[in-house]
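The primary structure of each chain is shown beneath.
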Amino acid sequence: MNTAVLWRGARLFTLAGNGPWGAVPDGAMVTEGDTLRWVGPLAELPQPLRAAVGAEHDLQGACVTPGLIDCHTHLVYGGERAAEFEQRLQGASYEEIARAGGGIRSTVRATREASDEALLASATRRARELMADGVTTLEVKSGYGLAAEHEARCLRVARRLGQVLPLSVRTTYLAAHAVPPEYEGRPDDYVDALIGWLPALHAEGLVDAVDGFCDRIGFTREQTRRIFEAARALGLPVKLHAEQLSDQNGAALAAEFKAMSCDHLEHLNEAGVRAMAAAGTVAVLLPGAYYFLRDTTLPPVQALREHGVPIAIATDHNPGSSPALSLQLMLHMACTLFRLTPEEALRGVTVHAARALGLRDRGQLAAGQRADFVVWDLDHPRELAYWFGRNACRQVVQGGQVVRPDESAT
Ligand code: DI6
Ligand code: FE
């Protein structure tokens, strides 16, 4: 049997209930194994539960939030693209570089050349950086293999990450990220191929969701539809890189398939917003990519709010458009660049990020949720969006275990 552990002396910001931040000033939590058994004001802790407590931690008035969830990353890849960054600084555009065979395709070459061990080692380093920032759940997409064998390798590495690190990992199949050189000029044949690879990957337990890049340099709506139909036939949920560089009405298509999320959305139109609202699809905004590509078209945040579309925020970590390794920095940028409120931004990396991954057991501090939380060196979580370039994370508890500070690492 698991011992009940009491965490007291916390200023909890549960994000549960209707009040601002779900604040509980003299808060306490009781965890049992990897689950939160009770959350509330210490004074209201039921006596029988108090009596069952086998260990206690005094958080000494520190501020506590749910563990952060990075719901959109491309963490597994070989190499980096700093030289492409220099090219862009000299005037080449992201699309021009991609069309000339650079961009995603250059990372595909480096990924195919990298061994499984090298891919795992580099992804582990990056995951650790995100975790040091308070991340307890991470989504990882494939999409730099673009061949059956290499997509499988990347998804296995992603799964492995969740086994070697104290981290929950969700995997997403994004073979529809770009057309690989073997299929140059034959995108429909490539779509047939990637649809053909999916059942075996799914049978191996490597796929939690299916994604695509619907854009001028990605895949058309019709191709995306075929991919979504294949996902649906296997009972897999879908998400979409939609309306990033141009408006393809991708979000409306994704909503038809009850997508868990549509991501990027700088060029999202009103009909797309309505379709997402009706389908309950989360809007995942990615300020890192917007910033790094020096985009100037803002996602329609006010329309998303007005239609009640939940907004999530993620790093979009990838070597081409967002080499970002801090979700805290994304909170800041979501406010400065997209004008989210600090509370919206925090909900975007907790409650709404969980929803973007189809996870109901995390994102808030409430009885029955996973015991994933972060203790911050801050007076109030609004400071998460205020400071930048500062890591205010003091302690991370993942599945009821203290994983940071990591005593095994020192
Ligand atoms: N949109 C992006 O911003 C990333 N993928 C996508 O579909 C960029 C990926 C890359 O440039 O390597
Ligand atoms: Fe992405």
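For the structure, check the block above.
Every chain is numbered independently, its residues counted from 1 as its sequence is written. Labels follow written order: the first chain is A, the first ligand is 1, and so on. pLDDT decides what is reported in this predicted model: residues at 70 or higher carry local features, side-chain atom pairs at 80 or more are listed and counted, and totals for whole chains, interfaces and linings draw on all residues regardless. Only hydrogens and water are removed before side-chain values are computed, so all heavy atoms of the structure are retained for them.

Some points on the site of ligand 1
Point 1. Proximity is defined per residue: if any heavy atom of the residue lies within 4 Å of a molecule or strand, that residue is considered near it. Around ligand 1, the structure places 14 residues, and the nearest of them are Arg81, Tyr94, Tyr144, Gln244 and Ser321.
Point 2. For ligand 1, an oxygen atom lies 2.7 Å from a polar atom in the side chain of Arg81.
Point 3. Each polar contact in these results corresponds to two N or O atoms within 3.5 Å; when the atoms are within protein, one needs to be able to donate a hydrogen and the other to accept it, and residues that are neighboring in sequence are counted only if both atoms are side-chain atoms. In the environment of ligand 1, an oxygen atom lies 2.5 Å from a nitrogen or oxygen atom belonging to the side chain of Tyr94.
Point 4. Computed with a 1.4 Å probe, the accessible areas rest on the Shrake-Rupley method; for each residue, only the protein chains presented here act as cover. If ligand 1 stood free it would expose 320 Å²; the protein chains cover 100% of that surface.
Point 5. According to the grid-proximity analysis, the pocket containing ligand 1 is the largest cavity. Of the two site types, the cavity is a set of points on a 1 Å grid over the protein atoms alone where a 1.4 Å probe fits but cannot get out, and the pocket is an open set with protein on both sides within 12 Å along at least five of seven lines, each lined by residues with an atom within 4 Å of a point. A cavity or pocket is said to hold a molecule if more than half of that molecule's atoms lie within 2 Å of its grid points.

Here we look at the coordination of the iron ion (ligand 2)
Point 1. The donor definition counts N, O and S atoms within 2.8 Å of each metal and applies 3.2 Å to Na, K and Ca; water is not among these atoms, so some sites may look incomplete. For the iron ion (ligand 2), the full set of protein donor atoms is His72 (NE2), His74 (NE2), His241 (NE2) and Asp316 (OD), and the range of their distances to it is 2.0 to 2.3 Å.
Point 2. When four donors show all angles between 85 and 135 degrees the site is tetrahedral, when four or six donors have opposite pairs over 155 degrees and all other angles between 65 and 115 it is square planar or octahedral respectively, and in every other case it is irregular. Taken together, the four donor atoms coordinating the iron ion (ligand 2) span angles of 83 to 169° at the metal, a pattern that classifies the geometry as irregular.
Point 3. All donors to the iron ion (ligand 2) come from one chain, and their sequence spacing reads H-x1-H-x166-H-x74-D. Of this pair, His72 sits in the loop between strand E5 (68-70) and helix H2 (82-89) while Asp316 is found in the loop between strand E12 (311-313) and helix H13 (327-336), placing the two residues 244 residues apart along the sequence. The two residues His72 and Asp316 agree in class, both being buried. A run of H or I in DSSP becomes a helix once it reaches four residues, and a run of E becomes a strand once it reaches two; helices and strands are each numbered from the N terminus. Throughout this description, buried means an accessible area under 20% of the type-specific maximum (1.4 Å probe, protein chains only), exposed means over 50%, and partly exposed covers the range between.

Section: the side chain of Lys239
Point 1. Within the fold, Lys239 resides in strand E9 (residues 239-242).
Point 2. We note that Lys239 is buried and unpaired, the nearest opposite charge coming from Asp263 at a distance of 4.6 Å.
Point 3. Side chain to side chain, Lys239 and Ser261 meet in a polar contact 3.0 Å long. When charges are counted, Lys and Arg contribute as positive and Asp and Glu as negative, whereas His and the chain ends are disregarded. By definition here, a salt bridge exists when the distance from a side-chain nitrogen of Lys or Arg to a carboxyl oxygen of Asp or Glu is within 4 Å.

Overview of the sheet that holds strand E10 (residues 261-264)
Point 1. Two strands are said to pair when DSSP picks up at least two bridges between them. With parallel pairing, the eight strands of this open sheet are ordered in space as E5-E6-E7-E8-E9-E10-E11-E12. Either end of the sheet is taken by a strand with one partner, and the two such strands are E5 and E12. Strand-to-strand twist across the sheet, computed as the mean angle between neighbouring axes with direction ignored, equals 25°.
Point 2. Pairing geometry for strand E6 (residues 135-141) and strand E7 (residues 168-176), over five bridges, is parallel. Looking at the pairing, Leu138 lines up with Val169 of E7.
Point 3. Contact definition: two residues touch when any of their heavy atoms are within 4.5 Å. The angle between two axes is taken between their N-to-C directions and runs from 0 to 180 degrees, where each axis is a line fitted to C-alpha atoms and a helix contributes only its stretch in contact. Each of E7 and strand E8 (209-214) is contacted by helix H7 (residues 187-203), which is oriented at about 150° to E7, the strand it contacts most.

Things to note about the nonpolar core
Point 1. Side-chain atoms within 4.5 Å are what join buried Ala, Val, Leu, Ile, Met, Phe, Trp, Tyr and Cys residues into a set we call a nonpolar core. Core analysis: the biggest nonpolar cluster contains 101 residues, and Tyr173, Val207, Val210, Leu265, Leu285 and Trp376 have the highest contact counts within it.
Point 2. Broken down by element, this core gets its largest block of residues, seven residues, from H7.
Point 3. Residue ranges assigned to the domains are those given by an automatic or database domain assignment. Taken together, domain 1 (4-66 + 364-403) and domain 2 (68-356) each give at least three residues to this core, which thus spans both.
Point 4. Setting aside residues up to four positions removed in sequence, Leu265 forms contacts with Ala242, Glu243, Gln244, Ala251, Met276, Ala283, Val284, Leu285, Pro299 and Pro300.

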